[in-house]
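Coordinates in review
Chain by chain, the residues:
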Amino acid sequence: MSARGQVSAGELLQLVRSGRAVTRGALQQATGLSRATVGQRLDRLFRAGWLREGAGGPVGSPLGGRPSITLEFDDSHAVVLAADLETRHARAAVLSLTGEILAEHSGTLVVEDGPDAVLGDLGHWFGELLEKAGHRAEEVCGIGLAVPGPVDTVSGRVVQPPIMPGWDGYDIRGRLARALTEATGAPPVPVLVDNDANLMAYGEQRTGFPDCSAFVLVKVSTGIGAGVVVDGSLFRGIDGGAGDIGHIRVGAEALCRCGSYGCLAAVASGGAVARRLAEDGVPAASGSDVRDLLAAGHPAASALAREAGRQVGDVLATVVTLLNPGVLMIAGDLAGTAFLTGVRELLYERALPRSTAHLHVVTSRLGERAGLVGAGALVVEHLYAPERVEERLVALGV
């Protein structure tokens, strides 16, 4: 927090949103600001429509008196748009600022059709979803997008994505902002782009494991990727490449879509399992087909999923030893009993007992919505960060 005399309206909003100080008196105590200065800062937030008064809190004095009025973040003043792209399918939603999904749509979108077409279609989806949710396009404060590839978060561009041909270096932010404007006539809004496993991890950690200081999610679908949340923040590495465990070499001869041989994704992803099933005469072309076969109890699919789980578990033994997480979450098309059994077998066999003594190995709680929830949360945390609040308040003239 800034020096006492310089505590901003944005920092007061952060204290209220986090629950650390939710009355005027608590804000004075937390910041050292005078009552008048707190009132002035809060007045700006009220005029922007970002704060509201809630119910009275408990009486603070043993002598009685009126209860303190609590302050609440007003999530009704704007909405967020979010989308989660897979290789042949996408999901999009309108969310409240507190993460509630207000309207949702899923359907076929093929990333190989290229970014211009795919992002244009998403713009139309967003327009229809806003109408369905009963919100105007002018109420949108930002868009979050999850993509199945490595992302340079500074530029918002994917970098050499193995399963997104034609997307390398493309201006996703600019095109998606224009797509929403084309579909609704609304002015452009900020667009944030991140890797799908990252945003799934962010959504799952924030909603289900907020007190876990080291959280790892592994998504096993067409490819394999991991998202890591440390102390409540995504760990991306220096240029967005952290968590790309699907391209760790495991000694096999299979050719990966990245052009190398022996990558984990080439032998243990949903796509790899689908190829092996197809070679044996079982109709399967993608991870989602494998998911359906597993749900139906197909014995060959179950056996291959368990074998894939063991291969992934072998790699995760190193991941767990390095990061010492409290939660290891398995998500994606293969995240069922057979795969999880395989992961546990090799993970607990290869990792040191010290590394797994307090480890919880679980499956996704949010399911297919994890990426949407994470993308929405990323936008909200970006737009309501203290330094950005100041910029936005000035732009609003308050």
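Quick caveat, the model's predicted, so the values are computed rather than measured. (Residues numbered from 1 in each chain as written. Predicted model: local features only at pLDDT ≥ 70, side-chain atom pairs only at ≥ 80, totals over all residues. Heavy atoms only, no water.)

Quick look at the packing of aromatic side chains
In this structure the tally under the stated criterion is three aromatic pairs. Their ring planes at 40° and their centres at 5.8 Å tell us that F209 and F215 sit as a pair that is tilted. Overall, F215 belongs to the buried group, its relative accessible area being 0%. An aromatic cluster is defined as three or more aromatic residues linked by ring pairs; in this entry it consists of W50, F73 and Y384. Just above the ring of Y384 sits the side chain of R392; from NZ or CZ to the centre is 4.7 Å. (Phe/Tyr/Trp six-rings, centres within 6.5 Å; stacked < 30°, edge-to-face > 60°. Buried < 20%, exposed > 50% of the residue type's maximum accessible area, 1.4 Å probe, protein only. Lys NZ or Arg CZ within 6 Å of the ring centre and 35° of its normal.)

Here we look at the state of the cysteines
Per the stated rule, a full pass over the model turns up zero disulfides. Of all cysteine sulfurs in the structure, the one in C258 sits closest to C256, which takes part in no disulfide; the separation is 3.7 Å. Overall, C256 belongs to the buried group, its relative accessible area being 8%. In this model C263 remains outside any disulfide bridge; the closest cysteine sulfur is found in C258, 3.7 Å from its own. Of the residues examined, C263 reaches a relative accessible area of 0% and is grouped as buried. (Disulfide = S-S within 2.5 Å.)

Section: the sheet that holds strand 10 (residues 214–220)
Strand pairing in a sheet relies on backbone hydrogen bonds. The paired strands run either parallel or antiparallel. Here five strands make up an open sheet; going across it, the order is 12-11-10-13-14 and the pairing mixed. Two strands close off the open sheet at either side, each with one partner strand: strand 12 (233–234) and strand 14 (360–363). Relative to strand 12, strand 11 (residues 224–230) runs antiparallel, the two sharing two bridges. Looking across to strand 12, one finds that V229 is bridged to L234. (Pairing = 2+ DSSP bridges. Helix = DSSP H or I, 4+ residues; strand = E, 2+ residues; numbered from the N terminus.)

Considerations on helix 9 (residues 287–295)
Along helix 9, the residues classified as buried are G287, V290, L293 and L294. The buried side chains of helix 9 occupy one side of the element, clustering within an arc of 115° when seen end-on. Here the buried face of helix 9 lies against helix 8 (270–279) and helix 10 (299–323). (Arc of directions from axis to C-beta. Contact = heavy atoms within 4.5 Å.)

Details of the pattern of salt bridges
This structure, assessed with the given rule, holds 26 salt bridges. Notably, a salt bridge pairs D43 with R47, separated by 3.0 Å at the nearest N-O pair. Taken together, the residues span about one helical turn, with D43 and R47 both in helix 3 (residues 35–48) at a distance of four residues. Residues E104 and R369 are paired through a salt bridge, measuring 2.6 Å at the closest nitrogen-oxygen approach. Residue E104 is located in strand 5 (residues 101–107), and its partner R369 is located in the loop between strand 14 and helix 13 (370–383); the two are separated by 265 residues in the primary sequence. Taking relative accessible area as the criterion, E104 reaches 19% and is therefore assigned buried. (Salt bridge = Lys/Arg side-chain N within 4 Å of Asp/Glu carboxyl O.)

Observations concerning the sheet that holds strand 3 (residues 79–85)
Strand order in the open sheet made by the five strands is 5-4-3-6-9, with mixed pairing throughout. Two strands close off the open sheet at either side, each with one partner strand: strand 5 and strand 9 (191–195). Across this sheet, the average inter-strand angle for adjacent strands is 15°, counted without regard to direction. Judged from the five bridges that link them, strand 6 (residues 140–147) and strand 9 form a sheet pairing that is parallel. Bridging across to strand 9, A146 finds its partner in D194. Its contacts with the sheet put helix 13 on strand 3, strand 4 (90–96), strand 5, strand 6 and strand 9, and the angle it makes with strand 3 is roughly 135°. (Axes fitted to C-alpha atoms, helices over the stretch in contact; angles between N-to-C directions.)

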